[in-house]
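# Reading the structure
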Amino acid sequence: MSSPVSYLFASIRRTAIVTLAVVPFLATQHAAAQNTPLLSGGGGFLTTTNGGKTTYLPIIEPLVAAPIGSHVLIEGRAALVETFAPNSGDQSGYNHTHFIGLTYLQGAYIASPHLTVVGGDFLIPFGTYNERLSPVWINNLQDGPLIAGIGLMSSASGLGGELRGSAISRSKYSIDYTAYFSARSGNVQFNSERSAGGRASLYLPDSRLEIGVSYGRLLQGTQENFVGTHVWWEPKATAFRLRSEYARGQHAQGYWAEADYRTQAFGGLDSWVGRFEPVFRMQQTFRINNLGSDGVSSHDTQRVDFGLDYNLPHNTRILTSYARQFSSTGNRNIWETGIVYRFLFPAWKGK
Amino acid sequence: MSQSTSMRSLIPVILLSAVAAPLLALQTQTSPTTPPPAPAKQDPKASVHKQSDGERIFAQNCSRCHTAPDGFSQRISGTVVLHMRVRASLSQHDEQELLHFLNP
């Protein structure tokens, strides 16, 4: 086993190579009018009280996106999380742990109007949560769905290639697709399993309805299949959203459905009343067997979340929720509060 | 988490931060910003405003997942649209309409 010092130098060397490769490309973009690289992402301070014990979680998720010309985009997201949790047992006080890591780092090449080729460390396109809702500033509730781990091959990211794009785009409907292959990697920052899969979605603009299916296959060890489907509906002329997803693996299955609403009846969405956003989510997981590790609870679990968010000006949201979780291992009350901020600006000073 | 694992995780982020920090320092508030995109959940019945293709595409693809930002510099509008082209699998036509909407 290599020593920490040699590993440190190896890590520095790898990261320096990536950085040195990206920076010149960033520099070439300085003159582009609308294609300046951007810094985006979210930061927040979250608290969770579970079974009477409160955990504090400051988090920052920065995202860098840098285009090279009009057809190539390099982007990556990282997570910096510090967790302050009460000591276990009868001990008083808190301990803290931290996690810092890349969530993804990918390059995308728009090869044709219908095809984008992605390479690098990318988010696994299974279901909707991982790619769309996982950023801290997007999710309506602090916690992800209980089935979020199904189909994500433990790491939630793949190291390899991905083909994606809009297959058909008409005024009445559109179909998009994603297909990927990931190699196995034990690298700390680019951890992934050997797997393949994809997703296809049909969107009907008139009814604001999206229906999609996902498939994934683990190609190492005991090979396993994962299937999923999602339905999103946002009725026209309302500020109501319904999102739902079902996923099944070899060892567990489950679903979640979430609804949120903002009223426009009292002066519009930007009035103090319109900024309130009630959220409701219900979910169930069913354990088939405990032979595999898929991130789903080892016992059948039901959970309901009642949230009330407030959308402040300047890209800031207050998130509050109460959840009741039912399981044969014990029922729990989970209270969560937090404030999240989304930032978005050019990477450097303009002319 | 062990100390060595923490150290391994820390190194790439420190280097990325070292690159990003000077860029952040150069950021100014004087660059032109786009007006806030159309309200994410606008009620067409409540307004006589006719929705453009770009506005419709913004509402259908961007606002489906997240609320609209309060506004951002025009200098990154192309990058934002390119990001959405990849992430939301926008068609070429939708990408162009969205860019036009953000830069009328």
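Residues numbered from 1 in each chain as written. Chains lettered and ligands numbered in written order. Predicted model: local features only at pLDDT ≥ 70, side-chain atom pairs only at ≥ 80, totals over all residues.

What follows concerns the overall build of chain A. Looking only at helices and strands, chain A features 2 helices and 16 strands. Its C-alpha radius of gyration of 21 Å places chain A within 12% of the 20 Å reference for a compact globule of 351 residues. Here chain A, with 351 residues, has 39% of them falling under the buried criterion. (Helix = DSSP H or I, 4+ residues; strand = E, 2+ residues; numbered from the N terminus. Rg over C-alpha atoms; globule rule 2.2 N^0.38 Å. Buried ≥ 20, exposed ≤ 12 C-beta atoms within 10 Å, placed from the backbone.)

Our next topic: the pairing of strand β1 (residues 38-50) of chain A. Residue and element names in this part refer to chain A. With 13 bridges joining them, β1 and strand β2 (residues 53-68) adopt antiparallel strand pairing. Following the sheet pairing, glycine 44 is matched in β2 by isoleucine 59. Taking the residues that link successive antiparallel strands as the turn, the β1-β2 hairpin has 2 residues, and the phi of glycine 51 there is positive, at about 60°. (Pairing = 2+ DSSP bridges.)

A few words now on the nonpolar core. Residues Leu38, Leu73, Ile124, Ile147 and Ile150 of chain A together with Phe58 and Leu98 of chain B are the most contacted members of the largest nonpolar core, which totals 53 residues. Looking at which element gives the most residues to this core, the answer is strand β4 (residues 94-112) of chain A, with 5 residues. Core analysis: the second largest hydrophobic core is formed by 6 residues, Trp137, Val279, Leu319 and Val340 of chain A among them. (Core = buried A, V, L, I, M, F, W, Y, C linked by C-beta atoms within 7 Å.)

With that settled, consider the pairing of β2 of chain A. Note: β2 of chain A against strand β3 (residues 72-86) of chain A, 9 bridges, orientation antiparallel. Considered in β3 of chain A, the bridge of isoleucine 60 of chain A is made with leucine 80 of chain A.

What follows concerns helix α4 (residues 92-102) of chain B. Those residues of α4 of chain B not exposed but buried are Asp94, Glu95, Glu97, Leu98, Phe101 and Leu102 of chain B. Residues of α4 of chain B that are buried sit in contact with β6 (157-169) of chain A together with α2 (53-62) and α3 (77-87) of chain B. (Contact = placed C-beta atoms within 7 Å.)

All names here are of chain A. When you line up the elements, valine 227 lands in strand β10 (residues 224-233). Along the sequence, valine 227 and asparagine 87 sit 140 residues apart, while their C-alpha atoms lie 39 Å from each other. Not counting chain neighbours up to four residues away, the residues in contact with valine 227 comprise Ser214, Tyr215 and Arg248.

Our next topic: the confidence of the model for chain B. Residues and elements named next belong to chain B. Averaged over all residues, the pLDDT of chain B equals 68, while 51% of them reach at least 70. By mean pLDDT, helix α1 (residues 3-26) is the weakest element of chain B at 44, and α3 is the strongest at 94. Taken together, the stretch residues 1-31 has pLDDT below 50 and engages in 47 contacts with residues farther than four places along the chain or on a different chain. Low pLDDT, under 50, characterises residues 38-48; the stretch is placed with 20 contacts to residues that sit more than four places away or in other chains. (pLDDT = per-residue confidence, 0-100.)

All names here are of chain B. Two elements in contact, α2 and α4, have axes separated by 8 Å at closest approach and are oriented at 110°. On the basis of their axis angle, the class for α2 and α4 is roughly perpendicular. Between α2 and α4, the contacting residues are Asp53, Gly54, Glu55, Ile57, Phe58 and Asn61 on the first element and Asp94, Glu97, Leu98, His100 and Phe101 on the second. Residue classes in the contact of α2 with α4 are distributed as 4 nonpolar, 3 polar and 4 charged. (Axes fitted to C-alpha atoms, helices over the stretch in contact; angles between N-to-C directions. Parallel < 35°, antiparallel > 145°, perpendicular 65-115°, else oblique. Nonpolar A, V, L, I, M, F, W, Y, C, P; charged D, E, K, R; others polar.)

All names here are of chain B. Burial analysis of α3 places 9 of its 11 residues in the buried class, the great majority of the element. Those residues of α3 not exposed but buried are Ser77, Gly78, Thr79, Val80, Val81, Leu82, Arg85, Val86 and Arg87. Backbone geometry just downstream of α3 places serine 89 in the positive-phi region, at approximately 50°.

Now for the confidence of the model for chain A. Residue and element names in this part refer to chain A. The pLDDT averaged across chain A works out to 90; a share of 90% of its residues lies at or above 70. Here residues 1-5 is modelled with pLDDT under 50, and outside its nearest four sequence neighbours on either side it reaches 3 contacts, counting other chains as well. Low confidence marks residues 27-31, where pLDDT is under 50. Its contacts with residues over four positions away, or in another chain, come to 5 contacts.

A separate point is the packing of α3 of chain B against α4 of chain B. A pair of packed helices is characterised by two quantities: the angle between their axes and the separation of those axes. Residues and elements named next belong to chain B. For the pair α3 and α4, interaxial distance at closest approach is 10 Å and the crossing angle is 150°. As summarised for this structure, α3 and α4 are arranged roughly antiparallel, according to the angle between their axes. Here α3 and α4 pass one another in a crossing that is right-handed. In this structure, α3 contributes Ser77, Gly78, Val81, Met84 and Arg85 to the contact, and α4 contributes Glu95, Leu98, Leu99 and Leu102. (Left-handed = near helix turned anticlockwise from the far one by under 90°.)

Another point: the environment of asparagine 95 of chain A. All names here are of chain A. In this fold, asparagine 95 is placed in strand β4. Taking the C-alpha atoms as reference points, asparagine 95 and threonine 263, 168 residues apart in sequence, are found 42 Å from one another. If we skip the residues at most four places from it in the chain, asparagine 95 touches Ala85 and Asn87.

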